[in-house]
Amino acid sequence: MSKSKTPVGCPCGGPSYETCCGPFIDGAKVPETAEQLMRSRYTAYTLKNEPYLLSTWHETTRPTEKIVRPDEKLQWLGLEVKSALRLRQRKAEAKPNEDFVEFVARLRVDGRGQRLHELSRFLREPGDGGLRWFYVDGEFPE
């Protein structure tokens, strides 16, 4: 009996790609929350899906250079979405179409373990099919 190479769960930590991030990345659905968008962007990074990453990046901060290098020895290991008092306070001060998501992503670059801790800012603006969330930028808490 051979083992399946398909991951059991979604790379973002959800139950399955087909019911979690897949519909967003495949264009069947639009993320309803900033957290759903952040999770789907993490999954897109694991899949090296640059078109999705660019389409969900706010036009004012979207990079013009390549963000995914196929030859890069990068392995995404996991995602943890944080829920902290500081984040809830930021959300309370946020505008109606602005949201923040704090996360920690673990990865290996050239075999060396790393940790990316980011407080990401998202804006909801008109896009294809109505209001959509876009990643704007992030801060790196200590």
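Here, every reference points to the structure presented above.
Residue positions are given per chain, counted from 1 along the sequence in the order it is written. The predicted nature of this model means local features are confined to residues of pLDDT at least 70 and side-chain atom pairs, given and counted, to a pLDDT of 80 or more, with totals for whole chains, interfaces and linings taken over all residues. Side-chain descriptors were evaluated using all non-hydrogen atoms of the structure, hydrogens and water having been removed beforehand.

The next subject is the sheet that holds strand β2 (residues 98–109). Each pair of strands is called paired provided DSSP finds at least two bridges between the two strands. Secondary structure elements are defined from DSSP: runs of H or I of at least 4 residues count as helices, runs of E of at least 2 residues count as strands, and each element is numbered from the N terminus. If you walk across this open sheet you meet the four strands as β1-β2-β3-β4, and the pairing is antiparallel. Of all the strands in the sheet, just β1 (74–82) and β4 (130–139) have a single pairing partner and so form its edges. Here the strands of the sheet are splayed against their neighbours by 35° on average, with no regard to which way each runs. The sheet contacts of helix α2 (residues 34–47) involve β1, β2, β3 (112–127) and β4, and relative to β1 the element is tilted by about 165°. Angles shown run from 0 to 180 degrees and are taken between the N-to-C directions of axes, each axis being a line fitted to C-alpha atoms and, for helices, limited to the stretch in contact. Between two residues, a contact is recorded if the distance between any of their heavy atoms is within 4.5 Å.

Let's shift gears to the layout of surface pockets. In the cavity and pocket records, a cavity denotes points on a 1 Å grid over the protein atoms alone where a 1.4 Å probe fits but cannot get out, a pocket denotes an open set with protein on both sides within 12 Å along at least 5 of 7 lines, and lining residues are residues with an atom within 4 Å of a point. Grid points are joined across faces, edges and corners, and a volume is the space filled by probe spheres set on the points. Considering only enclosed or pocket space, the largest pocket measures out at about 240 Å³ in volume. Surrounding the largest pocket, 13 residues form its lining, Arg41, Tyr45, Phe103, Leu116 and Glu118 being those nearest its centre. Looking at the lining of the largest pocket, the elements with two or more residues in it are α2, β2 and β3. When grouped by side-chain class, the residues that make up the lining of the largest pocket number ten nonpolar, one polar and two charged. Considering only enclosed or pocket space, the second largest pocket measures out at about 190 Å³ in volume. Around the second largest pocket, the lining residues are Tyr45, Lys48, Ile67, Val68, Arg69, Glu72, Leu74 and Trp76. Lys, Arg, Asp and Glu make up the charged group, whereas Ala, Val, Leu, Ile, Met, Phe, Trp, Tyr, Cys and Pro make up the nonpolar group; the residues left over, Gly among them, are polar.

So, on to the environment of Gly22. Within the secondary structure, Gly22 sits in helix α1 (residues 22–25). Classification of Gly22 by relative accessible area gives buried; the value is 1%. Note: C-alpha distance between Gly22 and Thr43 (21 residues apart in sequence) is 8.7 Å. Summary of the burial criterion: residues with accessible area below 20% of their type's maximum are buried, those above 50% are exposed, and those between are partly exposed, where the area comes from a 1.4 Å probe applied to protein chains only.

Now for the side chain of Arg41. Along the polypeptide, Arg41 turns up in helix α2. Asp and Glu are treated as the negative residues and Lys and Arg as the positive ones, with His and the ends of the chain left uncounted. The term salt bridge refers to a side-chain nitrogen of Lys or Arg lying within 4 Å of a carboxyl oxygen of Asp or Glu. Buried within the structure, Arg41 lacks any salt-bridge partner; Glu118 is the closest side chain of opposite charge, at an N-O distance of 7.2 Å. Whenever two N or O atoms come within 3.5 Å, that pair is a polar contact, provided that in protein one can donate a hydrogen and the other can accept it, and provided that, for residues adjacent in sequence, both atoms are side-chain atoms. Within polar-contact distance, the side chain of Arg41 engages the side chain of Thr56 at 2.8 Å. Leaving out residues up to four positions away in the same chain, Arg41 has contacts with Tyr52, Leu53, Thr56, Trp57 and Tyr135.

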